[in-house]
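So you can see what is in the structure, the chains are spelled out below.
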Amino acid sequence: MKLFRFIFALGLTLTFFFYFNFNQGKIPALGSFLSPFTGFWQNGEAEGLNIPPTLESDQLSAPVIIKFDDQFIPHIFAENNYDLYFAQGYVTAYHRLWQMEFQVLAAAGRTAEVVGESQLRFDRIQRRKGLVYGAKRSLEVAQKDPEIMQMIQAYSDGINFWINQLDYADYPIEYKLLDYAPEQWSNLKVMLLLKNMADMLSRGENDLENTNALKVFGLEDFNKLFPESFDEIDPVIPVGTQWNFDVKTIEQPDVDFPQIFTKEIIEKPDPRNGSNNFVVSADRTANGKVLLANEPDLSLNLPSIWYVVQLNAPGINTMGASLPGAPNVVIGFNDSIAWGLTNAKRDVVDWYHIKFRNEKREEYQYDDKWLKTEKIIERFEIRDAENFSDTIVYTHYGPVAYDRNFLGDSNKVNLAMKWTAHEGSKDLKTLYEVNRAENYDAFIEAFKYYTGPPQNFAFASAHGDIALTIQGKFPAKWQGQGKFLLDGRDSRNEWADIIPYDQNATIKNPERGFVSSANQHPVDSTYPYYVYDYNYEFYRNRRINDRLNLLNRVTVKDMIRLQNDNYNYRASESLPLMLASLDTASFTDEKRKAFHLLKQWDYFAEAEWIAPTIYQVWWDELYDLIWDEFDNQPLALSKPHVFNTIHLMSNDSLNKYFDIQSTPINETIVDLINTSFDSSLEKLENWKSKNESEYVWYKYKNTRIKHLLGLDPFSFEQVKIGGYKNIVNAASGRHGPSWRMVVELDQAGPKAWGVYPGSQTGNPGNPSYGDMIENWADGNYSPLLFLNSSSENSERVIFTQTIQKEN
């Protein structure tokens, strides 16, 4: 049935695809594309796996056995590290080759080569952010570590082993649609894939918008609109934690911030990129076993962001979610420990205003000196158009991303980007060591190599230890450093030092019996280093901690239930005030019906309920009315956080910003609440008429898992799932739980359960494509098969492949 859907939908879509998605005026060579022998028909697979039982490679030193289970998860058994990572590269490429390469092309700013001129701006931004620059520096560092370099090389060799077996008929269908061929994989591409994740997870900052807001609103209002913290925070590391280390002293210089303002900014990562993780100690569980849960909330894509794999060789037996394009398991477990990641909200990007000596831009001022720049001419190949060149100037801070050639307002704005991801790093060494760690000490020791992206690493061990450590390369900043644009001429604005990794905030075996994180403030005010981010989470973390504080004798089902929890904490803190402010005396029947639905609502955003829809649309309308002062400003600005908005509504009802700028009267928050209630109901009725459907929550928010090219036939729309971005079950429109895992640990070995919104295969013509989506939406997890050796039998193993040394 899925094969029929694939072929039928593809036929309807093909003609429009190139014109409307890419507007290039050309389509692939249809003779090859439509050929029953080599074209897209070859991508339709009757079986979930289409590989031979035996392959040969002269690059291996011993046979490798790969067992595929009933979810098409490969369990790789090798006799040495090289063969292990060779096989991981090969099997990942078998399922995900096009995704791997397209993501790397995007990171390198090369999508115009295959898509066309419409992608040029995107590519220019990618190169100006310096992802290739950072990847090259990290590869140079890796080349000094033979163990890690062997792993990277083996992984690349395995990918190329698969690529070299392909002819046109075997290409993933995206290559045929876009009419290009896969390149050879390289070690640099592995590093680029990691920098792409760093871009997604750690590039978020608000320096330039804050600088603009300070000018527009003044310091007093800025601090009210954008406070750094609140009394109500529930940080990752529990309040009252003692910091027993010698703190580095950071002097606060008397410096001025440059009066340089930006009208347009480079697009930011999705601010919803986040996650949840929590670990419960053996004392708090029903069976006396430690439990760990993790879900990274990221873009909902097909092919999926993650690829599940088991890796077994001498010294390693680990399983979990890997990133297609890089070796190791990123989130998972082994015989002794389990670990999970959430994005740590830390500011590791700063912007510096650069003063060039003259128009040649060969030198820039630094204190009383003129330092030399480096100029890189970036050449862009553009499909079916003339090629393009862009000169990017590099300073010791990093690339000058804003200048006279790009978003620089002629010569007025020259801004250099300093980012920890630009530095050479050995992040793969951390994953390599974590995959093999047997206890807490080995786990923590692995982070001495780690730069980023900053993550909250949750930990559990079979010995009963639980912990959470916030790790990354964090600058030791003075108060306020990096919150606004910095003057690149003044060396006092440099990062004075780096916080030692063993002084990064960590908690082990807390008295409360659990640890958790959900992208909230990392620490309370007693932590001795300055900590700042513009976009902390305030709701999911409190809901998780509330539940864990109440739960006793916790079970695996409790952990799964909490991951899928739909309670809208934000609604519980804002809706009572909103309802109490309505003028109910003038209600129509329609308004009265909506009012009663909301009044009776228990704040759970269930998929088929209407109240969550009414609330969310009403809130969005109200939020826009409150912050209309930010609209139509000539400078780039970010609006205040939702949490602070509700805080002001509750504690400062006469705030001057509770006024509609376009009217002659001075409105109050009550006026705005009533006006937005009316407009939200009108908006919902229009939606209902247009869609010929009730605005039940899952239909209105339309959680959808989209193919990376945006192709409807390869995507899934209106997935029936509740939750939302500020809810533990963070399934919004195009964003949500990208992998869910629960692990139970004790001395007898691990048990684990998992699910993600996609499938192991990236081929839309495969019958298993997207086959986990329904279970993911319903909160149904599959037991993860964890084998101890290649000789272990299981009825869940459906196919075994051997790669042996070529005779």
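Since the structure is predicted, the reported quantities are computational estimates derived from the model, not experimental observations. (Residues numbered from 1 in each chain as written. Predicted model: local features only at pLDDT ≥ 70, side-chain atom pairs only at ≥ 80, totals over all residues. Heavy atoms only, no water.)

Draft legend 1. Inspection of the overall build of the protein chain at higher detail. Assigned secondary structure in the protein chain consists of 20 helices and 30 strands. Viewed in the frame of its principal axes, the protein chain has a C-alpha envelope of about 85 × 70 × 65 Å. In the protein chain, of all internal contacts separated by at least 6 residues, the share reaching a separation of at least 24 is 73%. For the protein chain, the exposed surface amounts to about 31100 Å²; the carbon and sulfur share of it is 48%. If the 79 positive side-chain charges of the protein chain are averaged to one point and the 108 negative ones to another, these points end up 2 Å apart. (Helix = DSSP H or I, 4+ residues; strand = E, 2+ residues; numbered from the N terminus. Contact = heavy atoms within 4.5 Å. Areas by Shrake-Rupley, 256 points an atom, 1.4 Å probe, with all protein chains shown as cover. Lys, Arg positive; Asp, Glu negative; His and termini not counted. Charge placed at Lys NZ, Arg CZ, Asp CG, Glu CD.)

Draft legend 2. Just the nonpolar core, in detail. Of all hydrophobic cores here, the largest spans 227 residues; its most connected members are Phe443 and Leu598. The dominant element in this core, judged by the number of residues it contributes, is helix α3 (residues 81-107), at 16 residues. Excluding its chain neighbours within four sequence positions, the residues that come into contact with Leu598 are Leu575, Leu579, Ala611, Ile614, Tyr615, Trp618 and Phe677. If you look at the next biggest cluster of nonpolar residues, it comprises 13 residues, including Val255, Ile354, Tyr397 and Trp495. (Core = buried A, V, L, I, M, F, W, Y, C linked by side-chain atoms within 4.5 Å. Buried < 20%, exposed > 50% of the residue type's maximum accessible area, 1.4 Å probe, protein only.)

Draft legend 3. Examining the sheet that holds strand β19 (residues 466-471) more closely. Strand order in this open sheet of 11 strands is β1-β30-β2-β3-β7-β8-β9-β10-β18-β19-β23, and the pairing throughout is mixed. Either end of the sheet is taken by a strand with one partner, and the two such strands are β1 (54-57) and β23 (506-508). Strand-to-strand twist in this sheet, taken as the mean axis angle between neighbours without regard to direction, amounts to 15 degrees. In this sheet, strand β8 (residues 316-322) lies alongside strand β7 (residues 307-313) in antiparallel orientation, the contact comprising seven bridges. Following the sheet pairing, Ala313 is matched in β8 by Ile316. (Pairing = 2+ DSSP bridges. Axes fitted to C-alpha atoms, helices over the stretch in contact; angles between N-to-C directions.)

Draft legend 4. Structural context of empty space enclosed by the protein. Counted by the stated rule, this structure contains seven cavities of 30 Å³ or more. Computed from the structure, the largest cavity encloses a volume of approximately 440 Å³. Along the wall of the largest cavity there are 38 residues; nearest its centre are Leu194, Met197, Tyr450, Gly452 and Pro453. Where the lining of the largest cavity is concerned, the elements lending two or more residues are α5 (131-142), α8 (187-202), β4 (274-280), β5 (290-299), β10 (337-343), α10 (427-436) and β18 (455-461). With seven residues, the single largest contributor to the lining of the largest cavity is α8. Class assignment of the residues belonging to the lining of the largest cavity gives a composition of 23 nonpolar, 11 polar and four charged. Approximately 140 Å³ is the volume attributed to the second largest cavity. Along the wall of the second largest cavity there are 15 residues; nearest its centre are Leu201, Gly204, Asn343, Lys345 and Tyr534. It is α8 that provides the largest number of residues to the lining of the second largest cavity, a total of three residues. Its residues placed into classes, the lining of the second largest cavity shows six nonpolar, five polar and four charged. (1 Å grid on protein atoms, 1.4 Å probe; cavity = no way out; pocket = protein on both sides within 12 Å on 5 of 7 lines; lining within 4 Å. Points joined across faces, edges and corners; volume = space filled by probe spheres on them. Nonpolar A, V, L, I, M, F, W, Y, C, P; charged D, E, K, R; others polar.)

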